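Here is how the chains run, residue by residue.
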Amino acid sequence: MKDEKCIFCKIANGEIPTNSIYEDEDFNVILDNGPATAGHALILPKEHYANLYELPEDTAAKAMKLAKKVALRLKAVMHCDGLNLVQNNGEVAGQTVNHFHLHVIPRYENDGQTILWKPTEPDDAQLREICANLKMN
Ligand code: AMP
Ligand code: ZN
């Protein structure tokens, strides 16, 4: 399914010109037009899924396999010193385009970017309670 109002549907499916570095049956990988660093790429599924919750498992698996390929390409061509995978879901988490996308962000010494969080200090009881609530198997 495509969403006619979604800009990433249009970009992923070639209806709007973009700087594409890779395309296959399921994905388009484009350069972010407001990049954190040089080579900042976005992995876009061609089908419309608003976020990770909606993304089918097999598409999620393919996206991660593709992220590895893109990462190796960025390392080889851009000679980055490190790399972040970032994937935002929901406005509170920084999502601005509601079509699933995986950021692949090359990092360079002294690139001036901070893609980090401030660690907090929960006590053991809090961690144990959260762990008990979240147990999946
Ligand atoms: P997020 O904040 O995770 O939703 O990321 C959206 C990203 O899409 C931002 O990094 C934008 O710079 C990027 N972006 C938005 N519109 C375009 C576009 N037309 N072409 C390329 N990148 C875009
Ligand atoms: Zn879309």
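Residues numbered from 1 in each chain as written. Chains lettered and ligands numbered in written order. Predicted model: local features only at pLDDT ≥ 70, side-chain atom pairs only at ≥ 80, totals over all residues. Heavy atoms only, no water.

1. Side note on unusual backbone geometry
To keep things clear, this is the line we draw: Note on conventions: DSSP H or I runs of at least 4 residues are helices, E runs of at least 2 residues are strands, and numbering of each starts at the N terminus. Burial here depends on accessible area, computed with a 1.4 Å probe over protein chains only, as a share of the maximum for the residue type. Under 20% is buried, over 50% is exposed, and the range in between is partly exposed.
Backbone geometry at H79 places phi at a positive 55°, although glycine is not the residue there. Tracing the backbone through its elements, the reader meets H79 in the loop between α2 (57-78) and β4 (82-86). Its relative accessible area of 57% is what places H79 among the exposed residues. With a phi angle near 55°, N110 is a residue other than glycine that sits in the positive phi range. Among the structural elements, N110 can be located in the loop between β5 (102-107) and α3 (124-134).

2. Some remarks on the pairing of strand β3 (residues 41-45)
Defined as follows: We treat two strands as partners when DSSP finds at least two bridges between them.
With five of its five residues buried, β3 lies for the most part within the structure. Of the two faces of β3, both are covered, the one formed by A41, I43 and P45 as well as the one formed by L42 and L44. Across five bridges, strand β2 (residues 27-31) lies against β3 in antiparallel orientation. Across the sheet, residue F27 finds its bridge partner in β3, namely P45. Where β3 meets β5, three bridges bridge the pair, whose relative direction is antiparallel.

3. As for the coordination of the zinc ion (ligand 2)
The following threshold applies: Atoms of type N, O and S within 2.8 Å of a metal are treated as its donors, and for Na, K and Ca the window is 3.2 Å; water is not considered, so some sites may appear to be missing partners. Tetrahedral means four donors with every angle between 85 and 135 degrees, whereas square planar (four donors) and octahedral (six donors) require angles over 155 degrees between opposite donors and between 65 and 115 for all others; sites fitting neither are termed irregular.
Surrounding the zinc ion (ligand 2) are the protein donor atoms C6 (SG), C9 (SG), H48 (ND1) and H99 (ND1), at 2.0 to 2.3 Å. For the zinc ion (ligand 2), the four donor atoms are set out with angles of 103 to 117° between them, so the coordination reads as tetrahedral.

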